[in-house]
Amino acid sequence: MARIIVVTSGKGGVGKTTTSAAFAMGLAERGHRTVVIDFDVGLRNLDLIMGCERRVVYDFVNVIQGEAGLRQSLIKDKRNPNLFVLPASQTRDKDALTVEGVGKVLDELSEDFDFIVCDSPAGIEKGATMAMYYADDAIVVSNPEVSSVRDSDRMIGILSSKSRRAERGEEPINEYLLVTRYSPERVHKGEMLSLEDVQEILALNLIGVIPESESVLNSSNAGVPVILDESSNAGQAYNDMVDRYLGEELPHRFITLQKKGLLGRLFGG
Amino acid sequence: MPETSRKTTVEQATPAFDMKAGHFTVPTLLIRDDDSDALDEFLANQVAKLPHFFEQAPLVIDLSQYPSEQPLENFPMIVGMIRGHGMIPVGVRGASQEQREHARLLELAVMPRLRNQQGEKSVPAAPKSASPKHRPSLVVEEPVRSGQRIYAEGRDLVLLAGVSSGAEVMADGNIHAYGPVRGRMLAGVRENTQARIFCRDMGAELVAIAGRYRVNEDLPPRHIGRSVQISLQDNALQFASL
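Now for a look at the structure at hand. Residue positions are given per chain, counting from 1 as you read along its sequence in written order. Written order decides the labels, with chains lettered from A and ligands numbered from 1. At least 70 in pLDDT is required for a residue's local features to be given in this predicted model, at least 80 for side-chain atom pairs to be given and counted, and no such filter applies to totals for whole chains, interfaces and linings, which use all residues. Side-chain metrics rest on all non-hydrogen atoms present in the structure, leaving aside hydrogens and water.

Side note on the overall build of chain B
The helix and strand inventory of chain B stands at 5 helices and 15 strands. Across the 242 residues of chain B, 40% fall into the buried class. Note on definitions: a residue-residue contact is assigned when non-hydrogen atoms from the two residues lie within 4.5 Å. Long-range contacts, defined here as pairs at least 24 residues apart, represent 38% of the contacts in chain B between residues at least 6 apart. Only the protein chains shown count as covering a residue, and every accessible area follows the Shrake-Rupley method with a 1.4 Å probe. Total accessible area on chain B stands at roughly 14,400 Å², and carbon and sulfur atoms take up 51% of it. For the purposes of this entry, the term helix denotes a DSSP run of H or I that reaches at least four residues, the term strand denotes a run of E that reaches at least two, and both are numbered from the N terminus. Residue burial is assigned from relative accessible area. The probe radius is 1.4 Å, only protein chains are included, and a residue is buried under 20% of its type maximum, exposed over 50%, and partly exposed in between.

Spelled out as C-alpha cells, the structure:
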C-alpha cells in the first residue's frame, strides 16, 4: 500500500513544485518506487521542473476521464528508473478533477508504487483540496515571510478538516513544515522571519530548511530536480530532508550566519 | 452506452447537484417579552454596535424563554421589524406547537431543538438572568488556525494553545487563553456583560465582550504581549494586568 504525500502551502511561488520534484527524486534515489503527480490543472509546471515536457502525451485528466490508461500516461524519468511523472492537463480546468476519479487513480498507482507525491496548486480551492484529500502525510512549504506563513497556517487548518481522514475520523494527516528560501543574513538584518518566529506561529514538526540558492533557478531551467545538484546548498538540504522523512535524525544545516573569509567571498557558495 | 466524444465528457464529469450538511453560527434573538418598542430600541442598539455583522445576517428567533405558549400577537410585526433593521429572520427555535404554526405561516423555518429541550417550552429558572446553568468549559488543546472558528455555546472557553491571526474564537461565557492570541476573541456573545477575557499573551486582532469591541490598534500598548484581564464596566472595556 503506497504512502501518499501532499506538498502544499496555500501561498503561491514558495517552492511546492521544486520540493515535489526534489523530494520524489530523493525517494527514488534511495531505491523506492515513486510517482509524482501534478495537480495544477491548466497551469502545469512539474513537467518542466522534471525535464520531461517534451514527452507528454497523456495527462492526469485523460486518465480520470478514461481516455487513456495509466501505463500510457506515466512518464518514466530518464535518470532514475524508480521515478515516474504524471503530468497535469494544460487545456482543461480544475472541474475535470473529481474525488472519485482521483481516488481510483491513486488506488491503481498504490499497487505499483511505494510513494505517491502530490504536487498541489496554490490556493485553498478545489485543486488544492483535491490534492490533499487522500494524503497520509503533508509537507507544508513556507517562506520565512509573513504572508506565506499566514497562508500556511490557513492551509494547516484546512488539512485538519477537509481531508478524507478528517471526514472519517481516522488518524489525522502527519504534518511537516518545510521552510524554503531561508537566508540567515536577512534574518540577521531583521528583514526575514527567523526559524523560531515561524515555528512559534505554525507549531509544526520542522522537516527541513532549504536555503535561498541560485542553483534552484539553474536546475529548473535545466529541467533537473535540484536535489541532484550535490554541490548546491539547496540540493544538500533537500537530501537531508528526504533522510529525515525516512526516519533519520539530522541537524539542520545552512541556518547560521556564515562569516566568510577572503577565499569564501572570492568564490561565493 | 454510446461512445462519448471528448467534448461532452468534461460536462458529465461532476454531478450538477450535491446536498451536504452545512454548519453555521447564526445570531439568535431571545425574546422574553413582546414589547415591540423596547425590541425596536434593543435591535437599533445591537446594529449600531456591529453594523456590518448584522447587515443581511440570518437571524433565529428563540422563543424558549417566552412565558406563554400562545403565539405572539405582534409576531408578524416583530419579524418585519427585524428585517427593517437589516437582518433576515430565517427561523424560530424553542417554539410551542401554536407558535410553530404561526412561524410556518410567515415562512420561517423551525430550527433543531437545543439538546436540553424535550419538545416542550423550558421555563427559565431565573427569569431575566443572562447566565444559563453551569456547563463544563470547552477546552481546546490544539492551536486554532487562521480561518477556523470556535464557538463555546452556553459555556466558557479555555484555549491551551495559540489563536492564529485570521482565526475567531467566541464564547457565551468567559474566554481563558493560555497561548499567544493573534486572532479575534469575542466573549459573552449573547449579551452576557459579565463575561471576561483572560489572556496570557495579548496580541488579538479584535477583542469584544457582549458586542462591545476594540481592534488591535486601539488596545492599550502596555498590555500588548502580556497577561491581561478584560472586563466590561459601564459599557466600556476595561483592561487590567494579570
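A short note on empty space enclosed by the protein
Residue and element names in this part refer to chain A. Definitions used for this entry: grid spacing 1 Å over protein atoms alone; cavity, a set of points where a 1.4 Å probe fits but cannot get out; pocket, an open set with protein on both sides within 12 Å along at least 5 of 7 lines; lining residue, one with an atom within 4 Å of a point. Grid points are joined across faces, edges and corners, and a volume is the space filled by probe spheres set on the points. Overall, the coordinates contain 1 cavity of 30 Å³ or more when judged by the stated rule. Considering only enclosed or pocket space, the largest cavity measures out at about 30 Å³ in volume. Surrounding the largest cavity, Thr18, Ile49, Val216, Ser219, Ser220, Val224, Pro225 and Val226 form its lining. In terms of residue count, helix 11 (residues 214-222) provides more of the lining of the largest cavity than any other element does, 3 residues in total. Here the lining of the largest cavity is built from residues that sort into 5 nonpolar, 3 polar and no charged. Only Asp, Glu, Lys and Arg are considered charged, only Ala, Val, Leu, Ile, Met, Phe, Trp, Tyr, Cys and Pro nonpolar, and every remaining residue, Gly among them, polar.

A look at the nonpolar core
The biggest cluster of nonpolar side chains holds 51 residues, and the ones touching the most others in it are A:Phe39, A:Phe60, A:Val102, A:Leu109 and A:Ile116. The contacts of A:Phe39, once residues within four sequence positions are left out, are A:Phe60, A:Leu97, A:Val102, A:Cys118, A:Asp119, A:Ser120, A:Pro121, A:Gly127, A:Met130 and A:Ala131. Take the buried Ala, Val, Leu, Ile, Met, Phe, Trp, Tyr and Cys residues and link them wherever side-chain atoms come within 4.5 Å; each set so joined is a nonpolar core.

Description of the sheet that holds strand 7 (residues 157-159) of chain B
Residue and element names in this part refer to chain B. A sheet is described by the order of its strands in space; here 6 strands give the open sequence 5-7-9-11-14-15, paired in mixed fashion. Both edges of this open sheet fall to strand 5 (138-140) and strand 15 (236-241), since each of them pairs with a single strand only. If you compare each strand with its neighbour and ignore which way they point, the axes differ by 20° on average. If DSSP finds at least two bridges between two strands, the strands pair. Bridge analysis of strand 9 (residues 175-181) against strand 11 (residues 197-202) gives 5 bridges, and the strand direction is parallel. Opposite Ala177, over in strand 11, you have Cys199 as the bridge partner. The convention used is that axes are lines fitted to C-alpha atoms, helices contributing only their stretch in contact, and that angles between N-to-C directions extend from 0 to 180 degrees.

Brief notes about the interface of chain B and chain A
Taken together, the 14 residues of chain B in the interface contact 18 residues of chain A. A combined buried area of about 1,200 Å² lies between chain B and chain A, and 42% of that area is made up of carbon and sulfur atoms. For salt bridges, the criterion is a side-chain nitrogen of Lys or Arg within 4 Å of an Asp or Glu carboxyl oxygen. Applying the counting rule to chain B against chain A returns 1 salt bridge. Across the pair A:Asp153 and B:Arg145 runs a salt bridge, and its minimum N-O distance is 2.9 Å. Here a polar contact means two N or O atoms within 3.5 Å. Within protein one must be a hydrogen donor candidate and the other an acceptor candidate, and residues neighboring in sequence count only if both atoms are side-chain atoms. Between chain B and chain A we count 6 residue pairs in polar contact (both at pLDDT 80 or more) in total. Buried area counts how much accessible surface, traced with a 1.4 Å probe, disappears from two parts once they are put together, with both parts' losses summed.

Let's talk about a negative patch on the surface
Patch membership requires more than 30% relative accessible area and the absence of a salt bridge. Residues of like charge join within 9 Å; the nonpolar side chains Val, Leu, Ile, Met, Phe, Trp and Tyr join within 5 Å. In this count, Lys and Arg are taken as positive residues and Asp and Glu as negative ones, while His and the chain termini are left out. A charged residue contributes its charge at one atom only: NZ of Lys, CZ of Arg, CG of Asp or CD of Glu. Residues B:Asp33, B:Asp34, B:Asp35, B:Asp37, B:Asp40, B:Glu41 and B:Glu73 make up a contiguous surface patch of negative charge. By the secondary structure assignment, B:Asp35 is in the loop between strand 1 (28-30) and helix 2 (36-49).

What to know about the sheet that holds strand 1 of chain B
Each strand in a sheet pairs with its neighbour through backbone hydrogen bonds, running either in the same direction (parallel) or in the opposite one (antiparallel). Residue and element names in this part refer to chain B. A sheet is described by the order of its strands in space; here 4 strands give the open sequence 1-2-3-4, paired in parallel fashion. The sheet is open, and its two borders are formed by strand 1 and strand 4 (109-110), each paired with just one other strand. Where strand 2 (residues 58-62) lies against strand 3 (residues 88-93), 5 bridges are found, and the strand directions are parallel. If you follow Pro58 over to strand 3, its bridge partner there is Ile88. This element, helix 4 (residues 75-84), spans strand 1, strand 2 and strand 3 of the sheet and lies at about 135° to strand 3.

Quick word on the packing of helix 2 of chain B against helix 4 of chain B
Residues and elements named next belong to chain B. Across the interface, helix 2 lies against helix 4 with an axial gap of 10 Å and an inter-helix angle of 20°. What the angle tells us is that helix 2 and helix 4 run roughly parallel. Handedness of the helix 2/helix 4 crossing: right-handed. Between helix 2 and helix 4, the residues in contact are Ser36, Leu39, Asp40 and Leu43 and Met77, Ile78, Met81 and Ile82, respectively. Angle categories are assigned with fixed cut-offs, so that under 35 degrees is roughly parallel, over 145 is roughly antiparallel, 65 to 115 is roughly perpendicular, and the rest are oblique. Two helices that cross are described as forming a left-handed crossing if the nearer one is turned anticlockwise from the farther one by less than a right angle, and a right-handed crossing if clockwise.

Describing the environment of B:Leu157
Along the chain, B:Leu157 turns up in strand 7. Those residues in contact with B:Leu157 that sit more than four places away from it in its chain are B:Leu138, B:Val140, B:Ile150, B:Ala152, B:Val169, B:Met170, B:Ala171, B:Asn174, B:Ile175 and B:His176.

Structural notes on the pairing of strand 12 (residues 206-209) of chain B
Residue and element names in this part refer to chain B. Residues Leu206 and Ala208 point to one face of strand 12 and Val207 and Ile209 to the other, with burial holding for every one of them. The sheet contact formed by strand 10 (residues 184-187) and strand 12 spans 4 bridges and is parallel. By the bridge assignment, Met185 is partnered in strand 12 with Val207. Two strands pair when backbone bridges link them, and strand 12 and strand 13 (residues 212-215) are joined in this way by 4 bridges, in the antiparallel orientation. Opposite Val207, over in strand 13, you have Arg214 as the bridge partner.

Observations regarding unusual backbone geometry
All names here are of chain B. The phi torsion at Ala210 lies on the positive side, around 45°, for a residue other than glycine. Among the residues examined, Ala210 registers a relative accessible area of 2% and is labelled buried. Of note in this structure, Asp234 is not a glycine but carries a positive phi near 50°. For Asp234, the location among the structural elements is in the loop between strand 14 (228-233) and strand 15.

Comments concerning the pattern of salt bridges
All names here are of chain B. Tallied over the full model, the rule gives 20 salt bridges over all chains. Glu191 is the partner of Lys49 in a salt bridge, and the nearest nitrogen-oxygen pair spans 4.0 Å. In this pair, Lys49 sits in helix 2 while Glu191 sits in the loop between strand 10 and strand 11, placing the two residues 142 residues apart along the sequence. Judged by relative accessible area, which is 23%, Lys49 ranks as partly exposed. Of the residues examined, Glu191 reaches a relative accessible area of 28% and is grouped as partly exposed. A salt bridge links Glu153 to Arg190; the nearest nitrogen and oxygen atoms lie 4.0 Å apart. One end of the pair, Glu153, is in the loop between strand 6 (149-152) and strand 7; the other, Arg190, is in the loop between strand 10 and strand 11, and 37 residues separate them in sequence. A residue is classified by how much of its surface remains accessible, and Arg190, at 33% relative accessible area, is partly exposed.

Regarding a nonpolar patch on the surface
A grouping of A:Leu262, A:Leu263 and A:Leu266 is seen on the molecular surface, where their side chains present a nonpolar patch of about 370 Å² in accessible area. In this structure, A:Leu262 sits in helix 13 (residues 262-267).

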